[in-house]
Amino acid sequence: MLVTTLALVSLAQGPGPAQVVLTNGMVIPGPSQDFEVLGWGAASSGVGGGWIAEAAVRGVSTGEQVSAIVGEHPGPNPQGPSVLYREGDFGGSTVDRLSRPSMANGRAAGLGRVNTGQAVRHDAGVIDGRVEFVEGDVIPGSTATWFAFSGVHVTPGGVIVQSGARQGTFWNGREILFDSATSATLFASDDVPTGLAFQLERFHGVRVSPDGSHWVAIGQFRPPHGSLRSCILVDGEVLRFGPSALFASQNRPVPPAVEALLGPTTWQSFWAVDVNDEGTVAFQASRFSAGQDWSLIIRDGLPVSPPDREQRLAGIDGRGVVASVLGESPFDDAYVERESLQDRAAGIDVDGDGIADAGYGYAGAPPAPLRPSADARTLVRTVITTPMGAAWALLRVRDHRIDRESCTALPNSTGRPARMVMSGSRDVVENDVVRQALQLPQFATGDFLVSDTPDYVVAPGGSQGALCLGGAIGRMLGQVFASGTGGQGRAVRDLDAIPRPTGTVPAAVGQTWFAQAWYRDAVGGTATSNFTGAVTVTLE
């Protein structure tokens, strides 16, 4: 039995040891008693922060083994995991087999099996400790009934339910996405989405944006006399790349940016997809080229990173930052864009004192980062070695960004505003800060600016953008970036030499700095320039 006080987990930003958040044998608080974690499965980051997971637990005082939903509510000072709900009485209904949880702004939901007093138990959707949907009940606004729930996704206004829809006693395989906030069916598996000439057979891999305004999934369809194919669905339509007739559909041509990497080719298969509140879509696809199966992660039609045989999408955050796994096991790691979030050599901290503990290490299993969360904390599901053997663990690694957005950019020639993110460490001594500019035009050049004063000036010097810095603005000379095929720029910031108009100055603890990128663009064939959004970071 592993007893630890997770309320004391350090929130240091440096590349120190990964911190254990959840693992087998851990004792965590819960309703009426403490519980020992016997095993756990599906886990996800909470919208707005926190996390949630399905688990099997055993009461320390009673010895009773039950299924449970465990997690950590969002907040500036995490209090460690607890049992949020356990199987048993849910407002008068007896529910067991809790699974597939999700969390948004502290609200928790999941699936379970409810005892309705009949011989057969039914699937149910459980929200905030109440049974809200039961298999066999009539779907609001429909004559069909719920059948075989697949997922419940919490949104600020309600939940989006993925379920079968049955007419009478017969189910023909029809699945729906249902929005409880509007009591409307968003999509059905027998719809013909825009961009496709065929009716779908099914859809899976559903992700909902944090504010509930967008949803994505992988759809499957079968052309006449053809084999089963897949496509990327966004709000009920096949994902389209700009105003062109290029769609994210199997056997359809790839967009120019992907063709520049692999040559003229078509999509082969799709494995994962995610969307943020702005409707920016990232997905993982594969393509056979040059005798190899290549995996790519695509954002807005542009590759996030070069093709790789092992590349898996974890998700996309509100600023368009993509988290993924790159490399081949046992050397693959969690990444934000192209920056590693893990330092395996630093070890694993179990007791929360910020120091690696002897007897614990990485077992070599591929990591599985959770979807990036609004609070920037990055959690990774992997196998660790312990003095008692190997165990699945949820680890907190380096935050996927250390900044906050201080100013939003104006759109560039791509039709979207360029974004900026800082990753690394706020610690001045570590001197480890990386700037990345995202959603730039392809092959644009630019450089990074820094100041200790914010401002907002539209179209400075004839630019198409907005300068969000004021006062004494420094320019990172010698670190000009080129955005390449992926529309990304990158530079390492030296905290010992922050640029100012008359030279450089060293950074100091407690200082707050603002940063932005300035880059070349062309609108209607006319050369111009633009700016990314600005970010701010306070050093420690």
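Counting of residues starts from 1 at the beginning of each chain's written sequence and follows it residue by residue. Selection of residues for local features in this predicted model requires a pLDDT of at least 70, selection of side-chain atom pairs for listing and counting requires 80 or more, and totals for whole chains, interfaces and linings are taken over all residues. Side-chain measures were taken over the full set of non-hydrogen atoms in the model, leaving aside hydrogen atoms and water.

Considerations on the overall build of the chain
Runs of H or I in DSSP of at least four residues are treated as helices and runs of E of at least two as strands, each being numbered from the N terminus. On a plain count of helices and strands, the chain comes out with one helix and 46 strands. This radius of gyration counts C-alpha atoms alone. The globule rule is 2.2 Å times how many residues there are, raised to the power 0.38. Computed over the C-alpha atoms, the radius of gyration of the chain is 24 Å, within 12% of the 24 Å expected from 2.2 N^0.38 for a compact globule of 540 residues. Principal-axis analysis of the C-alpha atoms places the extent of the chain at approximately 80 × 60 × 45 Å. Classification of residues uses two cut-offs on accessible area relative to the type maximum, computed with a 1.4 Å probe and protein chains only: under 20% is buried, over 50% is exposed, and between them is partly exposed. Counting across all 540 residues of the chain, residues that qualify as buried make up 54%. With an accessible surface of roughly 21500 Å², the chain has 52% of that area assigned to carbon and sulfur atoms. Each charge class in the chain was averaged separately, 39 positive and 54 negative side chains, and the resulting centres sit 4 Å apart. All accessible-area figures derive from a Shrake-Rupley calculation using a 1.4 Å probe, and residue coverage is judged against the displayed protein chains alone. For this count, His and the chain ends are skipped, Lys and Arg are scored as positive, and Asp and Glu as negative. By convention, the point assigned to a charge is CZ for Arg, NZ for Lys, CD for Glu and CG for Asp.

Regarding the side chain of S269
Relative to the helices and strands, S269 is located in strand β20 (residues 269-275). S269 gets classed as buried once you look at its relative accessible area, which sits at 15%. For S269, the side chain forms a polar contact with the side chain of W271, separated by 3.2 Å. Of the polar contacts made by the side chain of S269, one reaches the side chain of S286; its length is 2.4 Å. Pairs of N or O atoms within 3.5 Å make up the polar contacts considered here, provided that, within protein, one atom can donate a hydrogen while the other can accept it, and that residues adjacent in sequence are counted only when both atoms are side-chain atoms.

Some details on the sheet that holds strand β35 (residues 433-438)
Strand pairing is assigned whenever DSSP identifies at least 2 bridges connecting the two strands. Ordered by their spatial adjacency, three strands build an open sheet running β34-β35-β41, and the pairing between neighbours is antiparallel. The open sheet is flanked by β34 (419-424) and β41 (489-493), the only strands paired with a single partner. Direction aside, the axes of adjacent strands within the sheet are offset by 20° on average. Examined bridge by bridge, β34 and β35 share six bridges and lie antiparallel to one another. Under this scheme, a helix contributes an axis fitted over its contacting stretch, all axes are lines through C-alpha atoms, and angles between N-to-C directions fall in the 0 to 180 degree range.

Some thoughts on the layout of surface pockets
Sizing a probe to match a water molecule and rolling it over the atoms shows the empty space that remains. Within this model, the largest pocket holds a volume of roughly 1400 Å³. Only protein atoms enter the 1 Å grid used here. Points where a 1.4 Å probe fits but cannot escape make up a cavity, open sets with protein on both sides within 12 Å along at least five of seven lines make up a pocket, and a residue lines them when an atom lies within 4 Å of a point. Taken together, 49 residues form the lining of the largest pocket, with A43, S44, V206, R207 and R371 sitting closest to its centre. Contributions of two or more residues to the lining of the largest pocket are made by β3 (34-45), β8 (93-104), β12 (145-155), β16 (200-208), β20, β24 (311-316) and β30 (368-369). Under the scheme applied here, ten amino acids are nonpolar (Ala, Val, Leu, Ile, Met, Phe, Trp, Tyr, Cys and Pro), four are charged (Asp, Glu, Lys and Arg), and all others, including Gly, are polar. Here the residues of the lining of the largest pocket sort into 22 nonpolar, 16 polar and eleven charged. Roughly 530 Å³ of volume is contained in the second largest pocket. Only α1 (256-262) and β21 (281-289) provide two or more residues apiece to the lining of the second largest pocket. Grid points are joined across faces, edges and corners, and a volume is the space filled by probe spheres set on the points.

Some words on the packing of aromatic side chains
Aromatic pairing here means that ring centres of Phe, Tyr or Trp (its six-membered ring) are within 6.5 Å. Orientation follows from the plane angle: under 30 degrees is stacked, over 60 is edge-to-face, and everything else is tilted. Using the criterion set out here, one finds 15 aromatic pairs in the structure. On the basis of an interplanar angle of 40° and a centroid distance of 5.5 Å, the ring pair of W146 and F149 is categorised as tilted. Seen in terms of ring centroids, F187 and W215 are 5.3 Å apart; in terms of plane orientation they differ by 50°. Their pairing is tilted. One end of the pair, F187, is in strand β15 (residues 184-188); the other, W215, is in strand β17 (residues 215-221), and 28 residues separate them in sequence. No difference in accessibility class separates F187 from W215, as the two residues are buried. Taken together, the ring pairs in this structure connect F133, W146, F149 and F178 into an aromatic cluster. Stacked on the ring of W392, the Lys or Arg R381 has its end atom at 4.1 Å from the ring centre. As a reminder, the over-ring test applies to NZ of lysine and CZ of arginine, requiring each to be within 6 Å of the ring centre and within 35 degrees of the ring normal.

Some points on the sheet that holds strand β4 (residues 51-59)
The strands that make up a sheet pair up through hydrogen bonds in the backbone, lying either parallel or antiparallel. Pairing is antiparallel across the open sheet formed by five strands, whose spatial order is β2-β3-β4-β5-β6. The sheet terminates laterally at β2 (27-29) and β6 (82-86), the two strands that pair on one side only. The sheet shows a mean angle of 50° between the axes of neighbouring strands, taken without regard to direction. Judged from the eight bridges that link them, β4 and strand β5 (residues 65-72) form a sheet pairing that is antiparallel. By the bridge assignment, E54 is partnered in β5 with I69.

Digging into the environment of P29
Structurally, the position occupied by P29 is in strand β2. A relative accessible area of 43% means that P29 is categorised as partly exposed. Sequence-wise, P29 and V60 are 31 residues apart; in three dimensions their C-alpha atoms are separated by 9.9 Å. Not counting the four nearest positions on each side in its chain, P29 is found in contact with D34, P81, S82 and V83. Should any heavy atoms of two residues lie within 4.5 Å, those residues are counted as being in contact.

Let's talk about the pattern of salt bridges
Just to be clear on terms, a salt bridge is a Lys or Arg side-chain nitrogen sitting within 4 Å of an Asp or Glu carboxyl oxygen. With the rule as written, the count across this model stands at 20 salt bridges. The salt bridge involving D128 is made with R107; its shortest N-O contact spans 3.2 Å. Of this pair, D128 sits in the loop between β10 (122-127) and β11 (130-134) while R107 sits in strand β9 (residues 107-115); the two residues are 21 residues apart in sequence, bridging distant segments of the chain. Of the charged contacts, one joins R398 and D432 as a salt bridge, the two residues approaching to 2.9 Å between their closest N and O atoms. Placement of the pair is R398 in the loop between β32 (389-397) and β33 (404-407) and D432 in the loop between β34 and β35, with a sequence separation of 34 residues. Judged by relative accessible area, R398 falls into the buried class, the value being 12%. Here the salt bridges share partners, and the residues they tie into one network are D317, R319, R401 and D403.

Regarding the state of the cysteines
Cysteine pairs can be linked by a disulfide, which is a covalent bond between their two sulfur atoms. Sulfur atoms of two cysteines make up a disulfide when they are within 2.5 Å. Counted under the stated rule, the structure contains one disulfide. The partner cysteine of C407 in its disulfide is C468, sulfur to sulfur 1.9 Å. Around the S-S axis, the bridge from C407 to C468 shows a dihedral of about -40° and counts as left-handed. Residue C407 is found in strand β33, and its partner C468 is found in strand β38 (residues 466-470); the two are separated by 61 residues along the sequence. By relative accessible area, which is 11% here, C407 ends up buried.

Structural notes on the environment of P411
By the secondary structure assignment, P411 is in the loop between β33 and β34. Between the C-alpha atom of P411 and that of N530, which follows or precedes it by 119 residues, the distance is 8.5 Å. If we skip the residues at most four places from it in the chain, P411 touches R416, P417 and N530.

Structural notes on the confidence of the model for the chain
As a note on interpretation, predicted positions should not be read in detail where pLDDT is low. Mean pLDDT over the chain: 88, with 94% of residues reaching 70 or higher. Note on residues 1-14: pLDDT under 50 across the span, and 42 contacts to partners over four residues away in sequence or across chains. The quantity called pLDDT is the predictor's confidence in a given residue, expressed from 0 to 100.

Looking at the pairing of strand β22 (residues 292-299)
Strand direction decides the pairing type here: β22 and strand β23 (residues 302-303), joined by two bridges, are antiparallel. Within β23, the position partnered with R299 by the bridge is L302. Hairpin connection from β22 to β23: two residues lie between these consecutive antiparallel strands, with D300 at a positive phi of about 50°.

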